[in-house]
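Residues per chain are reported as follows:
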Amino acid sequence: MTYIDLTMPLTPDTPVYPGDPEVEVTEITTVADDGYMDHTLKMGTHNGTHIDGPAHMVAGGKMLSDFPLDTFIGPGKLVDARNGLTPAGIDAAGVAKGDIVLIYTGASDLYTDPDYYYQTPVVSDEAAMHLIKLGVKIVGLDMGSIDEDPFIVHKALLRKDILIIENLVNLASLLNAEFTVYALPLNLHVEGAPARVIAEAR
């Protein structure tokens, strides 16, 4: 087995969605002065690699902590969307019910670029409806957002309790691979949370 980290590092340089708080990591004690090292962490729930739950955009929707743990683990399918995302492309990747679908656009190769969050997402309404029809349980991608205001794709997926992972990295490592995804958010009763996302490739 090969384990591939699909998680964007969380540092003060981590790009954030326009208007969201920056990531702040502050050392508050040191071994030399205090006998131990400690830090404080200040950030938004949608900074870095994170999972959106229904409550993020659906009134009365579930929080992430309302989902059973096995929701966040499952067979993964990579859809190569560098030239766009279509229902035919989704089918060609062998996507099936219960899969965790990862959409590779190549955008995260330049996630430190100032324009990273201003790239146009590739997930169309048509593609989202096809993923819903197939019965997938999570859709993730290597971009800062799965769609733009008025967030039709977000709402369509979240209303069906299909979770969304944003800001994935290293998806090129999964081209032509069979893999299992482990996408574990922090155990918080909130609408979205940072997650460590790992692929176990065979």
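A brief structural summary.

**So, the overall build of the protein chain**
Here's step 1: Within the protein chain, the secondary structure is distributed over four helices and 10 strands.
Here's step 2: Secondary structure of the protein chain in N-to-C order comes out as β-β-α-β-β-β-α-β-α-β-α-β-β-β.
Here's step 3: Here the C-alpha radius of gyration of the protein chain, 17 Å, is about what a compact globule of 202 residues would show, namely 17 Å.
Here's step 4: Its C-alpha atoms put the protein chain at 60 × 40 × 35 Å along the principal axes.
Here's step 5: A total of 202 residues make up the protein chain; the buried ones form 46% of that total.

**Some points on the environment of Asp 125**
Here's step 1: Topologically, Asp 125 is positioned in helix α3 (residues 125-134).
Here's step 2: On the basis of relative accessibility, which here comes to 41%, the residue Asp 125 falls in the partly exposed class.
Here's step 3: Measuring from C-alpha to C-alpha, the distance between Asp 125 and Val 197 comes to 25 Å, with 72 residues separating the pair along the chain.
Here's step 4: Each residue touching Asp 125, except ones within four places of it in the same chain, is listed here: Ile 152 and Val 153.

**A closer look at the pairing of strand β10 (residues 192-201)**
Here's step 1: Counting buried positions along β10 yields eight of 10 residues, so the element is predominantly enclosed.
Here's step 2: As paired strands, strand β9 (residues 179-185) and β10 are joined by seven bridges and run antiparallel to one another. Bridging across to β10, Leu 184 finds its partner in Arg 196.
Here's step 3: Here β9 folds back onto β10, and the loop between the two strands holds six residues.

**Here's the deal with the pattern of salt bridges**
Here's step 1: Under the definition given, this model contains four salt bridges.
Here's step 2: Ionic pairing is found between Asp 161 and Lys 62, a salt bridge with its closest N-O pair at 3.2 Å. Here Asp 161, found in the loop between α4 (152-159) and β8 (163-166), pairs with Lys 62, found in the loop between β4 (50-52) and β5 (73-80); they are 99 residues apart in sequence, far enough to count as distant.
Here's step 3: Residue classification places Lys 62 among the partly exposed positions, given a relative accessible area of 35%.

**Points about the packing of α3 against α4**
Here's step 1: Where α3 contacts α4, the axes come no closer than 10 Å and their chain directions differ by 10°. With respect to α4, the element α3 is oriented roughly parallel. For the pair α3 and α4, contact is made by Asp 125, Ala 128, Met 129 and Ile 132 and by Ile 152, Val 153, Ala 156 and Leu 157, respectively.
Here's step 2: By residue class, the composition of the contact of α3 with α4 is seven nonpolar, no polar and one charged.

**Brief notes about the side chain of Glu 200**
Here's step 1: Assignment of secondary structure puts Glu 200 in strand β10.
Here's step 2: No salt bridge is formed by the buried Glu 200. Its closest oppositely charged neighbour is Arg 202, at 4.8 Å.
Here's step 3: A polar contact is formed between the side chain of Glu 200 and the side chain of Tyr 182, at a distance of 3.3 Å.
Here's step 4: Sequence-distant contacts of Glu 200, that is, excluding residues within four places in its chain, are made with Met 1, Thr 2, Tyr 3, Glu 178, Phe 179, Thr 180 and Tyr 182.

**Looking at a nonpolar patch on the surface**
Here's step 1: Taken together, Leu 69, Ile 73 and Leu 184 make up a surface patch of nonpolar side chains, about 260 Å² in accessible area.
Here's step 2: The topology assignment puts Ile 73 in strand β5.

**Re the packing of aromatic side chains**
Here's step 1: Summed over the entire model, instances satisfying the criterion amount to two aromatic pairs.
Here's step 2: Their ring planes at 90° and their centres at 5.6 Å tell us that Tyr 17 and Tyr 117 sit as a pair that is edge-to-face. Here Tyr 117 lies in the loop between β6 (100-104) and α3 and Tyr 17 lies in the loop between β1 (2-5) and β2 (24-29), a separation of 100 residues in the sequence.
Here's step 3: Classification of Tyr 117 as buried rests on a relative accessible area of 13%.
Here's step 4: When the ring of Tyr 116 is compared with that of Tyr 117, the centres are 5.1 Å apart and the planes differ by 75°; the resulting orientation is edge-to-face.

**Considerations on the environment of Tyr 182**
Here's step 1: Position of Tyr 182 relative to the elements: it lies in strand β9.
Here's step 2: Tyr 182 sits in the partly exposed class, given a relative accessible area of 27%.
Here's step 3: Remark: the alpha-carbon pair of Tyr 182 and Ile 73, spanning 109 residues in sequence, is separated by 4.7 Å.
Here's step 4: For Tyr 182, the contacting residues outside a window of four places in its chain are Phe 72, Ile 73, Arg 196, Val 197, Ile 198 and Glu 200.

Conventions and cut-offs
The numbering scheme is per chain: residues are counted from 1 as the chain's sequence reads. Reporting in this predicted model follows two pLDDT cut-offs: at least 70 for local features of residues, and 80 or more for side-chain atom pairs to be given and counted; totals over whole chains, interfaces and linings ignore these cut-offs and use all residues. Only hydrogens and water are removed before side-chain values are computed, so all heavy atoms of the structure are retained for them. Each helix corresponds to a stretch of at least 4 residues labelled H or I by DSSP, and each strand to a stretch of at least 2 residues labelled E; elements are numbered beginning at the N terminus. Only C-alpha atoms enter the radius of gyration; for comparison, a globular chain is expected to reach 2.2 Å times N to the power 0.38, where N is the number of residues. Type-normalised accessible area, obtained with a 1.4 Å probe on protein chains alone, sets the label of each residue: buried when under 20%, exposed when over 50%, and partly exposed for intermediate values. Should any heavy atoms of two residues lie within 4.5 Å, those residues are considered in contact. In this analysis, strands are considered paired if DSSP registers two or more bridges between them. Any Lys or Arg side-chain nitrogen found within 4 Å of a carboxyl oxygen on Asp or Glu counts as a salt bridge. Here, axes are lines fitted to C-alpha atoms. For helices the fit covers the stretch in contact, and angles between N-to-C directions go from 0 to 180 degrees. When an angle is under 35 degrees it counts as roughly parallel; over 145 it counts as roughly antiparallel; between 65 and 115 it counts as roughly perpendicular; any other value is oblique. Residues were grouped as follows: Ala, Val, Leu, Ile, Met, Phe, Trp, Tyr, Cys and Pro as nonpolar; Asp, Glu, Lys and Arg as charged; and all remaining residues, including Gly, as polar. A positive count includes Lys and Arg, and a negative count includes Asp and Glu. His and the chain ends are not counted in either. Between N or O atoms, a polar contact is any pair within 3.5 Å; within protein, one atom must be a potential hydrogen donor and the other a potential acceptor, and residues adjacent in sequence are included only when both atoms are from side chains. Residues enter a patch when their relative accessible area is above 30% and they make no salt bridge; the linking distance is 9 Å between like charges and 5 Å between nonpolar side chains (Val, Leu, Ile, Met, Phe, Trp, Tyr). Exposure was quantified through the Shrake-Rupley algorithm and a 1.4 Å probe, taking into account, for residues, occlusion by the shown protein chains and nothing else. Pairing of aromatic rings covers Phe, Tyr and the six-membered ring of Trp, with a centre-to-centre limit of 6.5 Å; geometry is then stacked below 30 degrees between planes, edge-to-face above 60, and tilted otherwise.

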